Amino acid sequence: PDPGVVSPKEEPPVERPAADAVGPRPADFPARAFAVPRPELGRLKDGTLVRVFRRKGASLAAIRALYPGAGLAAESAREAGLANLAADTLAKAGGARNSESFSLELERLGATIGTGVSVGATAFSVDVPLAGFGPASGLFFDALLRPRMDGEDFGQGRDQTLQGLRERPLEPRLVANDTGLAALYGADSPYARRLAGRLGTVSGLTPAAARRWVRERIAPVRPVVLVAADLPVGEVVRRLNAALAGR
């Protein structure tokens, strides 16, 4: 047997203190009933179903658009990192606004747009004070329905991603995470794939590849849309339809 391997039988018992130094454990809080909130359903003029969660008294509104099938599992191994870079580029601009004017308008509204990529989907989000719900929805739809996918925006995102990948080996926590996922799922599994991709794949990605990804994985898909706001479902649908007008 390997002298460095310890048999479970040889494992020493855990030593416990005779008395708890901080005193007895406090009593648990009383259990509270929890009911999963049920959304109200609305439908936009383009047929998209909207699930609205009414949040009474909330000063912020949130919109989420989920695109199934646009996740890491849909990437080829040679294009690892494409889903993340394409989503990042898409969310920077839209319609007649380039990334600078788009960002300034978001700032004026107090809004933020974010992205999230998982194994099976890509999600886009916008959070905004309730008063700016309509205009922010228009920006959101511009990015999703009239994406610019500018090469300069893509290049900046790719450079930032490459810098992060170069620094990744210096972070023990990230190295341990990568090693553990590869051991658990297998190195070729999408579940073990880094969201940002790898140096060898990201360096070869192009704006054309990102545009193709959006054209094939985002544009033809009807998203799952969720809204949380202190608005009745009819008002949410009215404001979103107004934002969709002309797009």
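Residues numbered from 1 in each chain as written. Predicted model: local features only at pLDDT ≥ 70, side-chain atom pairs only at ≥ 80, totals over all residues. Heavy atoms only, no water.

Novice: Looking at this model, I keep getting lost on the side chain of Thr201. Mind explaining?
Specialist: Within the secondary structure, Thr201 sits in helix H6 (residues 199-202). Take Thr201: its relative accessible area is 13%, and that puts it in the buried class. There is a polar contact of 2.8 Å between the side chain of Thr201 and the backbone oxygen of Ala80. Dropping the residues within four chain positions of it, Thr201 is found in contact with Ala77, Arg78 and Ala80. (Helix = DSSP H or I, 4+ residues; strand = E, 2+ residues; numbered from the N terminus. Buried < 20%, exposed > 50% of the residue type's maximum accessible area, 1.4 Å probe, protein only. Polar contact = N/O pair within 3.5 Å; in protein donor to acceptor, adjacent residues only side chain to side chain. Contact = heavy atoms within 4.5 Å.)

Novice: What am I meant to see in the pairing of strand S1 (residues 40-43) here?
Specialist: Bridge count for S1 against strand S2 (residues 49-54) is four bridges, and the pairing is antiparallel. Within S2, the position partnered with Arg43 by the bridge is Leu49. Counting the residues between successive antiparallel strands, the hairpin from S1 to S2 contains five residues, one of them, Gly47, with a positive phi of roughly 95°. (Pairing = 2+ DSSP bridges.)

Novice: Sorry, what's going on with the packing of aromatic side chains here?
Specialist: To describe a pair of aromatic rings, you give the distance between the ring centres and the angle between the ring planes. A complete count under the given rule lists three aromatic pairs for this structure. A centroid spacing of 6.4 Å and a plane angle of 40° characterise the contact between Phe140 and Phe141, whose relative ring orientation is tilted. For Arg217, the ring lying beneath its charged end belongs to Trp213, and the centroid distance is 5.7 Å. (Phe/Tyr/Trp six-rings, centres within 6.5 Å; stacked < 30°, edge-to-face > 60°. Lys NZ or Arg CZ within 6 Å of the ring centre and 35° of its normal.)

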